[in-house]
Number of protein chains: 2
Amino acid sequence: MSTLGVTAPQGFSAAATSAGLKASGKPDMAVVVNDGPEYTAAAVFTRNKVFAAPVKVSRAAVSAGELKAVVFNSGNANACTGEQGLHDAQTMQRLTAEGVGAEPAQVAVCSTGIIGDLLPMEKVESGIAAVVNQLGDHGADAAEAIRTTDTIAKEVLVKGDGWTIGAMGKGAGMMAPSLATMLVCLTTDAKVEAQALQTALERATATTFNTLDIDGSTSTNDTVIAMASGASGVTPDQDELDAAVHEACAQLAAMMQSDAEGVTKRVSITVEGAADDEQALNAARTIGRDSLVKTAMFGSDPNWGRVLAAVGMADAEMDADNISVTFNGHTVCEYSGAVPGARDVDLSGSDIAVVVDLGTGGEGRATVRTTDLSHAYVEINSAYTS
Amino acid sequence: MSTLGVTAPQGFSAAATSAGLKASGKPDMAVVVNDGPEYTAAAVFTRNKVFAAPVKVSRAAVSAGELKAVVFNSGNANACTGEQGLHDAQTMQRLTAEGVGAEPAQVAVCSTGIIGDLLPMEKVESGIAAVVNQLGDHGADAAEAIRTTDTIAKEVLVKGDGWTIGAMGKGAGMMAPSLATMLVCLTTDAKVEAQALQTALERATATTFNTLDIDGSTSTNDTVIAMASGASGVTPDQDELDAAVHEACAQLAAMMQSDAEGVTKRVSITVEGAADDEQALNAARTIGRDSLVKTAMFGSDPNWGRVLAAVGMADAEMDADNISVTFNGHTVCEYSGAVPGARDVDLSGSDIAVVVDLGTGGEGRATVRTTDLSHAYVEINSAYTS
């Protein structure tokens with residue numbers, strides 16, 4: 001049994017292969033199978049109005065709260081591919097179902113990679129035939145196969161009392177991922193109802209993947225799927241389930257932040273003193289997406305004036321004369337003005353915590369995690385397709 | 001008489017000096033004086049909730065529809081500077097008024113540069129004393145003195161029938177300027193009412209500076225001021241005035257786009273087929289601010305999939321299966337899918353026109369002008385203060 005990843009919990013098998021979708025020849029297809037005895041499932045998907053064919057197929061499949069398998073490919077997102085793309089996603093679903101002994105409606109499909117190209121279905125079909133014949137304790141291989149620009153495979157394990165959650169992921173942020181897509185697959189041997197799993201997943205994503213915002217862009221393919229086999233025979237209560245799912249998601253989100261494209265700094269933006277949590281989140285996102293704030297972070301520049309200029313455009317109530325800012329615990333701005341020594345705060349380390357108080361006296365609070373805007377980000381994203 | 005800029009129309013004088021606000025020793029203070037016989041004025045200002053002291057002072061001054069002078073400094077924005085900053089802006093206003101023979105309430109103040117530092121008022125006071133004693137046909141010097149990261153001074157002239165508009169500007173975009181601030185000063189010898197001038201200015205900025213969006217950030221100091229001397233004795237009708245003010249603003253906006261920080265591409269984003277113009281503008285802004293679209297432009301990459309992924313997050317009605325995209329007139333996406341040859345479109349030139357049809361069948365249409373996201377942008381903005 002693996003010590004990490006999707007085949008660590010009881011009742012799951014996986015496999016991966018190189019189907020030739022990536023020009024590099026690296027592994028690019030995987031399947032994760034729930035071997036039961038239960039087949040409970042839950043999922044959350046991208047909120048982009050332009051969503052990919054596999055999202056449409058998977059959303060329908062998981063709606064009944066049951067999945068036996070998820071098939072993955074990297075190298076091609078099967079997004080913006082019209083009727084043919086939908087047909088291809090359905091073919092992936094059907095072939096995987098046949099291979100693992102399931103109904104098509106019990107299989108979800110996740111694709112990541114370039115947008116707008118049709119899948120090379122001959123290669124995909126060979127890939128599915130290969131993975132369904134190699135099922136075993138190969139979660140690590142599956143985590144490798146879903147990588148695109150990720151520099152490391154991402155696997156976690158969270159232990160409950162007599163049950164476990166394993167998970168793999170790729171990409172950098174649900175609400176606002178960087179290049180291509182965030183895909184996550186969680187597996188657990190807990191014996192839980194689909195609604196309990198869906199609740200835990202929605203609660204966890206709200207404060208983990210949904211507040212990880214690398215570059216403000218949101219993919220057409222983002223998908224987080226959880227499958228529960230019930231193989232441990234243990235039913236955690238909702239609080240325990242919530243805590244463990246949150247922990248798995250938080251660990252993966254932290255790995256995605258550290259591995260984001262071109263990152264040299266991990267930046268957390270906390271907004272306090274807002275009228276409510278939603279306004280705090282609006283303000284934190286606005287700061288976290290501001291190019292001038294992000295380039296200052298890259299330059300290790302304690303330029304709090306850019307933070308104020310950014311937050312002033314946020315859809316949030318604030319006292320414009322009573323905003324305060326700290327960088328890594330050092331107060332740099334009070335009453336919307338400079339604090340002596342503010343320009344000397346050392347931000348040369350790789351972690352920067354920004355805390356902004358909007359001065360309304362309210363209890364609203366939220367944190368967004370982002371990265372700096374670096375030369376490497378520009379390089380990776382200007383040279384991706386051509 | 002100058003052939004360009006703020007002293008080209010009859011009835012205006014200007015001067016500039018090096019007051020020592022810029023470490024480089026380059027010119028950093030200027031004054032533009034309306035010598036009458038009329039002193040009509042209009043202005044628009046930043047919509048940022050965090051706005052600088054000179055904006056507060058100038059907003060109050062222009063509210064009566066009359067100005068005799070505008071004093072400018074670069075090198076320091078006098079933003080986020082609290083009560084002292086407001087006092088300093090008022091001192092600039094009062095000293096300039098004394099120097100040019102006006103009431104303080106007839107003088108506007110414009111500052112641009114670093115946020116959060118107090119103005120070195122001894123230098124500022126010497127600078128004002130210098131410029132008010134050197135007034136003459138020095139519009140070109142004033143345009144030089146308001147530069148920050150601008151690589152060229154920006155001056156224009158628009159001729160009416162017996163009257164003219166001159167203008168100078170710095171920066172890169174009213175709604176969403178790049179580093180620091182956009183400042184514009186228009187002068188005209190037309191004989192017009194303040195309300196007519198304000199109407200013309202608001203109409204012009206809506207489709208010029210307000211749709212120039214370099215990096216989604218909005219300054220604390222953005223200001224566009226127009227002054228009319230009436231010295232030509234000619235009163236254009238509203239249409240003529242609108243057209244000339246629009247032309248002057250459009251020319252300056254084009255110069256700002258070309259001179260934006262780190263720009264290697266001038267990109268126009270037009271959205272058509274929207275339910276209304278406002279939704280078209282939302283969609284165009286969302287595309288124009290997307291880092292993945294902007295890095296693709298830097299890489300001359302016809303990556304229309306990123307355009308679809310971006311527009312899918314816009315607050316605009318769309319038919320997600322019927323979006324089309326053209327790059328420089330070449331159709332690259334129809335029915336939200338690829339057109340053969342789309343990846344081969346040549347975007348190596350410095351101008352890229354993106355047209356997106358949202359497929360709703362509506363008449364809504366808007367254009368936003370932006371730039372690519374380049375290595376130079378990151379370099380300039382990560383090394384600005386420290």
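Chain A has the name Arginine biosynthesis bifunctional protein ArgJ in an unreviewed UniProt entry, where Corynebacterium haemomassiliense is given as its organism. Of chain A, the UniProt comment under Function (unreviewed entry) reads exactly: "Catalyzes two activities which are involved in the cyclic version of arginine biosynthesis: the synthesis of N-acetylglutamate from glutamate and acetyl-CoA as the acetyl donor, and of ornithine by transacetylation between N(2)-acetylornithine and glutamate." The UniProt entry for chain A carries this comment under Subunit (unreviewed entry): "Heterotetramer of two alpha and two beta chains."

K.L.:
Talk me through the interface of chain A and chain B; I want residue IDs and the actual numbers.
P.N.:
Contacts between the two partners involve 52 residues from chain A and, on the opposite side, 52 residues from chain B. Taken together, the two surfaces of chain A and chain B that pack against each other cover about 4,100 Å², and 57% of this comes from carbon and sulfur. In this assembly, chain A and chain B are joined by 2 salt bridges. Note that Asp117(B) is salt-bridged to Arg343(A), the shortest N-O span being 3.1 Å. On the surface where chain A and chain B come into contact, there are 12 residue pairs in polar contact (both at pLDDT 80 or more). Put simply, the parts of the chain that give the side of chain A that touches chain B at least two residues each are α8 (291–298), α9 (304–311), β13 (337–338) and α10 (375–382) of chain A. In terms of residue count, α10(A) provides more of the side of chain A that touches chain B than any other element does, 6 residues in total.

K.L.:
Lay out the pattern of salt bridges with the relevant residues and their values.
P.N.:
All told, the structure shown has 18 salt bridges over all chains when counted by the stated rule. Between Arg266(A) and Asp351(A) there is a salt bridge, with its nearest N and O atoms 2.7 Å apart. Taken together, the positions of Arg266(A) in strand β10 (residues 266–274) and Asp351(A) in strand β14 (residues 351–357) put the pair 85 residues apart, joining distant regions of the chain. For Arg266(A), a relative accessible area of 29% puts it in the partly exposed group. We note a salt bridge from Asp242(B) to Arg203(B), for which the minimum N-O separation is 2.6 Å. Residue Asp242(B) is found in helix α6 (residues 238–258), and its partner Arg203(B) is found in helix α5 (residues 194–207); the two are separated by 39 residues along the sequence.

K.L.:
Please set out the packing of helix α1 (residues 53–62) of chain A against helix α2 (residues 82–100) of chain A residue by residue, giving values where relevant.
P.N.:
Residue and element names in this part refer to chain A. Running from amino to carboxyl end, α1 crosses α2 at an angle of 50°, the nearest separation of the two axes being 8 Å. When the axes of α1 and α2 are compared, the pair comes out oblique. Crossing hand, α1 versus α2: right-handed. Only Gly 85, Leu 86, Ala 89, Gln 90 and Gln 93 of α2 make contact with α1, whose side of the interface consists of Ala 53, Pro 54, Lys 56, Val 57 and Ala 61. Here the contact of α1 with α2 is composed, by residue class, of 6 nonpolar, 3 polar and 1 charged.

K.L.:
Before we move on, could you go through unusual backbone geometry and cite the residues and values that matter?
P.N.:
Residue Pro37(A) is bonded to the preceding Gly36(A) through a cis peptide linkage, with omega at 20°. Mapping Pro37(A) onto the fold places it in the loop between β2 (29–34) and β3 (40–45). A positive phi angle is found at Cys80(B), which is not glycine, with a value near 60°. Residue placement: Cys80(B) occurs in the loop between β4 (69–76) and α2 (82–100). Residue Cys80(B) is classed as buried on the basis of its relative accessible area of 8%. Despite not being glycine, Ser336(B) shows a phi value in the positive range, around 60°.

K.L.:
I'd like to hear about the domain arrangement of chain A, residue by residue, with values.
P.N.:
Residue and element names in this part refer to chain A. Structurally, chain A comprises domain 1 (12–259) and domain 2 (266–381). Here the C-alpha centroids of domain 1 and domain 2 sit 33 Å apart. The interface is formed by 15 residues belonging to domain 1 together with 14 residues belonging to domain 2. The junction of domain 1 with domain 2 conceals about 1,200 Å² of combined surface from both sides, 44% of it contributed by carbon and sulfur atoms. Viewed at the interface, domain 2 and domain 1 are joined by 0 salt bridges. At the junction of domain 1 and domain 2, the tally comes to 5 residue pairs in polar contact (both at pLDDT 80 or more). Partitioning the side of domain 1 that touches domain 2 into residue classes produces 5 nonpolar, 8 polar and 2 charged.

K.L.:
Could you give an account of the relation of the copies chain A and chain B, naming the residues involved and the relevant values?
P.N.:
In screw terms, the move from chain A to chain B is a rotation of 180° and a rise of 0.0 Å along the axis, fitting with an RMSD of 0.0 Å. Accordingly, the operation relating the two chain copies is best matched by a two-fold axis. Measuring from the rotation axis to each C-alpha of chain A, the shortest distance belongs to His375(A), at 2.8 Å. An overlap of 100% is found between the interface residues of chain A and their copies at the interface of chain B, pointing to a shared contact surface.

K.L.:
With reference to specific residues and values, describe a negative patch on the surface.
P.N.:
Taken together, the side chains of Asp276(A), Asp277(A), Glu278(A), Asp315(A) and Glu317(A) present a region of like negative charge at the surface. Within the fold, Glu317(A) resides in the loop between α9 and β11 (324–327).

K.L.:
An account of the packing of aromatic side chains is requested, with residue identities and associated values reported.
P.N.:
This model, assessed by the stated rule, comprises 0 aromatic pairs over all chains. In this arrangement the basic side chain of Arg59(A) is found over the ring face of Phe51(A), its NZ or CZ atom lying 4.8 Å from the centre. The aromatic ring of Tyr39(B) is capped on one face by Lys68(B), whose charged end is 4.7 Å from the ring centroid.

K.L.:
Tell me about the sheet that holds strand β8 (residues 183–188) of chain B, residues and numbers included.
P.N.:
Residue and element names in this part refer to chain B. One open sheet accounts for 5 strands, arranged β3-β9-β8-β7-β6; its pairing is mixed. The sheet terminates laterally at β3 (40–45) and β6 (154–159), the two strands that pair on one side only. Across the sheet, the mean angle separating the axes of adjacent strands is 15° when strand polarity is ignored. In this structure, β8 lies alongside strand β9 (residues 223–228), joined through 6 bridges in parallel fashion.

K.L.:
Break down the packing of α8(A) against α9(A) for me, with residues and values.
P.N.:
All names here are of chain A. Here α8 crosses α9 at 160°, and the two axes come no closer than 9 Å. Between α8 and α9, the interaxial angle falls into the category roughly antiparallel. For α8 against α9, the interelement crossing comes out left-handed. On α9, the residues that touch Leu 292, Val 293, Thr 295 and Ala 296 of α8 are Arg 306, Val 307 and Ala 310. For the contact of α8 with α9, the class distribution of residues is 5 nonpolar, 1 polar and 1 charged.

Definitions and cut-offs
- Residues numbered from 1 in each chain as written.
- Chains lettered and ligands numbered in written order.
- Predicted model: local features only at pLDDT ≥ 70, side-chain atom pairs only at ≥ 80, totals over all residues.
- Heavy atoms only, no water.
- UniProt positions renumbered as here; feature names shortened; annotations may be inferred.
- Contact = heavy atoms within 4.5 Å.
- Buried area = accessible area lost by both parts, 1.4 Å probe.
- Salt bridge = Lys/Arg side-chain N within 4 Å of Asp/Glu carboxyl O.
- Polar contact = N/O pair within 3.5 Å; in protein donor to acceptor, adjacent residues only side chain to side chain.
- Helix = DSSP H or I, 4+ residues; strand = E, 2+ residues; numbered from the N terminus.
- Buried < 20%, exposed > 50% of the residue type's maximum accessible area, 1.4 Å probe, protein only.
- Axes fitted to C-alpha atoms, helices over the stretch in contact; angles between N-to-C directions.
- Parallel < 35°, antiparallel > 145°, perpendicular 65-115°, else oblique.
- Left-handed = near helix turned anticlockwise from the far one by under 90°.
- Nonpolar A, V, L, I, M, F, W, Y, C, P; charged D, E, K, R; others polar.
- Domains from an automatic or database assignment.
- Least-squares fit on C-alpha atoms with pLDDT ≥ 70 in both.
- Patch = residues over 30% accessible without salt bridge, like charges linked within 9 Å, V, L, I, M, F, W, Y side chains within 5 Å.
- Areas by Shrake-Rupley, 256 points an atom, 1.4 Å probe, with all protein chains shown as cover.
- Lys, Arg positive; Asp, Glu negative; His and termini not counted.
- Charge placed at Lys NZ, Arg CZ, Asp CG, Glu CD.
- Phe/Tyr/Trp six-rings, centres within 6.5 Å; stacked < 30°, edge-to-face > 60°.
- Lys NZ or Arg CZ within 6 Å of the ring centre and 35° of its normal.
- Pairing = 2+ DSSP bridges.

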